[in-house]
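Okay, here's what each chain looks like letter by letter:
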Amino acid sequence: RACGEIQRRAAAGSRRRTSPGPAAMFAMGTCAASAAASAASYCACAGVRGCLGVGAKMARAMYVTIFTVSMVLAWALRDYAKPLVSHLPWAGGESAEGWCGEQAVLRLSAATAVFFLFLAACTAGAKTPRDSRSAVHTKGWGLKLFAWLALSVGAFFLPVEALSIYGEAARAGSAVFLLVQVLILLDFAYEWNESWVAKDDDRWFAALFGVCCVCYLVAVGLGVVSFVFFSHCSINVFFTSVSFLLMFVTTAASLHPAAHNGSLLPAAVVSLYAMYLNFTAMTSEPDECNGLPGASTSQGMLAAGLAVTLLSVVYSALRAGSSQVLSTEGGSGAATEEYEALQDREDRRTSRRATGADDSDDDEEEGGARDDEDREEDDEDRALAGVPYNYAFFHLIFACAAMYYAMLMTGWGDLSEHQEKDTINVGWPSVWVKIISEWGTVAIYMWTLVAPMVFPDREF
């Protein structure tokens, strides 16, 4: 009996050890939750260190992402959101128009434009990375994303009258953006020509001549297509004839001996761009004058228009800081490259600290101390180099681009004329905007040829 009692007690103890009670389970769960919370907090802190403050290069990518999301969301709300919005209790019935269609485009555009205009005002005059205004550009991303989302949501509660006022302002902002595109194009053409001529090699000269021939062939081809498909309206014949005349004038002026800044490549690029604007202006016409009505209403044309707009604004923004044509602030090209190289080193150190790679042993602690010393030296070098690009002008470009995409999607802000699904930049206002942009491009290029003769004491 004694042996049996001992065996029963041993078996009961074994069951108690293998089947913990509720208290033990709660304690084990608490420990596990604490460990998980500790791991999550570490990951969150690592993420915050990497996201709240980024370099100038990463900041550009973040702003491009915000702009892209805004533009794509505006397109989706214009063309595809009405069936969904009509089922929402607060946006059903007649009020659904304010949550989708052209009004939604203007509302998102207004929110994005205000967001970038505010950042432009906050970063105006920033010349060194140690300036507090520079921190506005590169830090506080959680607050920036919240502000942009709040502005985007709040814009849907604006009255229609406010949208009409914004539409007028957006036309002016779009004109600024188009002007910047022209200046960037001319700056690009001149720099391209100078870089290839500076190589002083016959092969590069041959390549330069080949590029000019291709540009002129494509320009003439667009002109011929314009005559073939759009000549049934007399105004289209006028537009294309003027475009050919402008191409001849720009080429002749560039090759004239008195034009010291004249060269064949810039003239070829300007001629191609002018003829392209002429052709796209005709594809934007209503059906009675449009020989290719499907070209302006297809899904592919819409996607191409959005892609071209995005690429244009990205290129304009990236070059804005270093272009002497547009901005007098910001570092030179060499200073910009030096700043970005230093920033890349800082980003790599930040990444190592965020992943805990600097805290494993004593040798790495010494390496971390060396990193601190290097970082102090890099900070001093960046302070001397200045900001890599003009932050305020960067944000101003994106604000104008936000206004520009609203004009493309709403027929230049005319809410009385509904834009059909999958159409962009269609209507007589769009036609005249493109034609005026073409003539303005040629006029500005001609001024770059004439200005050195009119003002010989100034450097161009």
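Just above sits the structure.
This report concerns the structure included in the present document. Predicted, not measured: the structure shown is a model, and the values here were computed from it.

### Thoughts on the overall build of the protein
Line of reasoning, step 1. Helix and strand counts for the protein come out as 16 helices and zero strands.
Line of reasoning, step 2. Element-wise, carbon and sulfur atoms account for 66% of the exposed surface of the protein, whose accessible area totals about 23600 Å².

### Looking at the pattern of salt bridges
Line of reasoning, step 1. All chains considered together, the criterion is met by two salt bridges.
Line of reasoning, step 2. As a salt-bridge pair, glutamate 168 and arginine 171 come within 2.8 Å of each other at their nearest N and O atoms. In this pair, glutamate 168 and arginine 171 both sit in helix α8 (residues 160–197), three residues apart, roughly one turn of the helix.
Line of reasoning, step 3. Overall, arginine 171 belongs to the partly exposed group, its relative accessible area being 28%.
Line of reasoning, step 4. Salt-bridge contacts for aspartate 201 lead to arginine 203; the nearest nitrogen and oxygen are separated by 3.1 Å.

### Observations concerning the environment of serine 437
Line of reasoning, step 1. Residue placement: serine 437 occurs in helix α16 (residues 428–454).
Line of reasoning, step 2. For serine 437, a relative accessible area of 15% gives the class buried.
Line of reasoning, step 3. A sequence separation of 259 residues divides serine 437 from leucine 178, and the C-alpha atoms of the two residues are 7.3 Å apart.
Line of reasoning, step 4. Those residues in contact with serine 437 that lie beyond four places of it in its chain are Leu178 and Leu277.

### A short note on the nonpolar core
Line of reasoning, step 1. Grouped together as the largest cluster of nonpolar side chains are 50 residues, with contacts concentrated most on Tyr63, Phe67, Tyr166, Tyr405 and Met409.
Line of reasoning, step 2. If you list the elements that add at least two residues to this core, you get α3 (56–79), α5 (101–123), α7 (141–154), α8 and α15 (391–410).
Line of reasoning, step 3. With 16 residues, α15 is the largest single contributor of residues to this core.
Line of reasoning, step 4. Excluding residues within four positions of it along the chain, tyrosine 405 makes contact with Phe67, Ser70, Met71, Ala74, Val105, Leu108, Ser109 and Thr112.
Line of reasoning, step 5. Among the nonpolar cores identified, the runner-up in size contains 35 residues, and Tyr216, Ala268, Ala281 and Leu449 belong to it.

### Considering the packing of aromatic side chains
Line of reasoning, step 1. In this structure the tally under the stated criterion is 18 aromatic pairs.
Line of reasoning, step 2. An angle of 50° between the planes, with centres 4.7 Å apart, marks the rings of tyrosine 63 and tryptophan 141 as tilted. Highlighted residues: tyrosine 63 in helix α3 and tryptophan 141 in helix α7, separated in sequence by 78 residues.
Line of reasoning, step 3. For the ring pair phenylalanine 239 and tryptophan 432, a centre distance of 5.4 Å and an interplane angle of 90° mean the geometry is edge-to-face. Of the two residues, phenylalanine 239 sits in helix α10 (residues 234–255) while tryptophan 432 sits in helix α16, which places them 193 residues apart along the sequence.
Line of reasoning, step 4. Its relative accessible area of 1% is what places phenylalanine 239 among the buried residues.
Line of reasoning, step 5. In this arrangement the basic side chain of lysine 144 is found over the ring face of tryptophan 141, its NZ or CZ atom lying 4.2 Å from the centre.
Line of reasoning, step 6. For the cation-ring pair, lysine 199 lies above tryptophan 204, with the distance from its terminal atom to the ring centre recorded as 4.7 Å.

### So, a nonpolar patch on the surface
Line of reasoning, step 1. A cluster of nonpolar side chains, Val220, Val224, Val225, Val228 and Phe229, forms an exposed patch at the surface whose accessible area comes to about 380 Å².
Line of reasoning, step 2. Looking at the element boundaries, phenylalanine 229 is found in helix α9 (residues 202–230).

### Things to note about the packing of α5 against α7
Line of reasoning, step 1. One can describe the packing of α5 onto α7 by two numbers: an axis separation of 8 Å at closest approach and a directional angle of 145°. In this structure, the crossing between α5 and α7 has a hand that is right-handed. Residues Leu108, Ala111, Thr112, Val114, Phe115 and Leu119 of α5 form the contact with α7, whose participating residues are Lys144, Trp148, Leu151 and Ser152.

### A closer look at unusual backbone geometry
Line of reasoning, step 1. Located in the positive-phi region is aspartate 200, a residue other than glycine, with phi close to 50°.
Line of reasoning, step 2. In this fold, aspartate 200 is placed in the loop between α8 and α9.

### Observations concerning α9
Line of reasoning, step 1. For α9, built from 29 residues, the straight-helix expectation of 42 Å at 1.5 Å per residue is met to within 8% by its first-to-last C-alpha distance of 42 Å.
Line of reasoning, step 2. Taken residue by residue, α9 has Leu208, Val211, Cys212, Cys215, Tyr216, Ala219, Leu222, Gly223, Ser226 and Phe230 as its buried positions.
Line of reasoning, step 3. Taken together, the buried residues of α9 touch α8, α10 and α11 (264–283).
Line of reasoning, step 4. Capping of α9 at its N-terminal end is provided by aspartate 201; its side-chain oxygen lies 2.8 Å from the backbone amide nitrogen of arginine 203.

### As for the packing of α5 against α15
Line of reasoning, step 1. It is the contact of α5 with α15, at a shortest axis distance of 7 Å, that shows an interaxial angle of 170°. One element, α5, and the other, α15, form an angle in the roughly antiparallel class.
Line of reasoning, step 2. Grouping the amino acids of the contact of α5 with α15 by side-chain chemistry returns 19 nonpolar, five polar and one charged.

### Comments concerning α5
Line of reasoning, step 1. Along its 23 residues, α5 runs 34 Å from first to last C-alpha, staying within 8% of the 33 Å computed at 1.5 Å per residue.
Line of reasoning, step 2. Within α5, 18 of the 23 residues are buried, which leaves the element mostly enclosed by the surrounding structure.
Line of reasoning, step 3. Two residues or fewer past α5, glycine 125 is found with a positive phi of approximately 85°.

### Regarding the side chain of serine 109
Line of reasoning, step 1. Along the chain, serine 109 falls in helix α5.
Line of reasoning, step 2. Here serine 109 falls in the buried class, since its relative accessible area comes to 0%.
Line of reasoning, step 3. Among the polar contacts listed, one links the side chain of serine 109 to the side chain of tyrosine 166, at a separation of 2.5 Å.
Line of reasoning, step 4. Discounting chain neighbours no more than four positions away, the residues touching serine 109 are Tyr166, Ala402, Met403, Tyr405 and Ala406.

What counts, and where the lines are drawn
Residues numbered from 1 in each chain as written. Predicted model: local features only at pLDDT ≥ 70, side-chain atom pairs only at ≥ 80, totals over all residues. Heavy atoms only, no water. Helix = DSSP H or I, 4+ residues; strand = E, 2+ residues; numbered from the N terminus. Areas by Shrake-Rupley, 256 points an atom, 1.4 Å probe, with all protein chains shown as cover. Salt bridge = Lys/Arg side-chain N within 4 Å of Asp/Glu carboxyl O. Buried < 20%, exposed > 50% of the residue type's maximum accessible area, 1.4 Å probe, protein only. Contact = heavy atoms within 4.5 Å. Core = buried A, V, L, I, M, F, W, Y, C linked by side-chain atoms within 4.5 Å. Phe/Tyr/Trp six-rings, centres within 6.5 Å; stacked < 30°, edge-to-face > 60°. Lys NZ or Arg CZ within 6 Å of the ring centre and 35° of its normal. Patch = residues over 30% accessible without salt bridge, like charges linked within 9 Å, V, L, I, M, F, W, Y side chains within 5 Å. Axes fitted to C-alpha atoms, helices over the stretch in contact; angles between N-to-C directions. Left-handed = near helix turned anticlockwise from the far one by under 90°. Expected span 1.5 Å × (residues − 1). Polar contact = N/O pair within 3.5 Å; in protein donor to acceptor, adjacent residues only side chain to side chain. Parallel < 35°, antiparallel > 145°, perpendicular 65-115°, else oblique. Nonpolar A, V, L, I, M, F, W, Y, C, P; charged D, E, K, R; others polar.

Function cannot be read off these values alone, since they describe shape.
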